[in-house]
Amino acid sequence: MPALVGPIKINLVASGAVMQVGDTLYVSPKISSKTFAGAGAFNTGNFIIANNGISLTNTLDLDASDQNIVGNA
C-alpha cells in the first residue's frame, strides 16, 4: 500500500546517510570507516573532566583490509 508523504526538509546529508521516504522493504547502506582517537576524545555532555596522564593512540594498522563491503548487494 503506498504511503502518503508530506513536506520533507533535509538539513544535512553526510557520508553514509540514509533517507527513507514512504514504503521500504529493505534498507542497506554500504560504508566503512576507521576512526582513531585518544583517551577521553569521544566524551559528550556537560561538565566533563577527563584526567589523562599520558594518552597515546596506536594508529599502526598492518592488515590489508578490516571490513570488506565488496559483494554485498
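Here the structure is a predicted model, which is why all the values come from computation and not from measurement.

A. Representation of the overall build of the chain. Tallying secondary structure elements over the chain gives zero helices and zero strands in all. Burial status across the chain gives 0% buried among its 73 residues. Within the chain, contacts between residues separated by at least 24 positions form 26% of all contacts whose residues are at least 6 apart in sequence. Summed over its atoms, the accessible surface of the chain is roughly 7,100 Å², and 54% of this surface lies on carbon and sulfur atoms.

B. Main features of unusual backbone geometry. Not every positive phi belongs to a glycine, and Phe47 is a case in point at roughly 60°. According to the relative accessible area criterion, Phe47 is exposed, its value standing at 83%.

C. Local environment of the environment of Gly38. The class for Gly38 is partly exposed, based on a relative accessible area of 31%. Through-space distance from the C-alpha of Gly38 to that of Ser55 is 6.0 Å; in sequence the pair is 17 residues apart. Once residues within four sequence positions are removed from consideration, Gly38 is found in contact with Ser55 and Thr57.

Rules behind the numbers
- Residues numbered from 1 in each chain as written.
- Predicted model: local features only at pLDDT ≥ 70, side-chain atom pairs only at ≥ 80, totals over all residues.
- Heavy atoms only, no water.
- Helix = DSSP H or I, 4+ residues; strand = E, 2+ residues; numbered from the N terminus.
- Buried < 20%, exposed > 50% of the residue type's maximum accessible area, 1.4 Å probe, protein only.
- Contact = heavy atoms within 4.5 Å.
- Areas by Shrake-Rupley, 256 points an atom, 1.4 Å probe, with all protein chains shown as cover.

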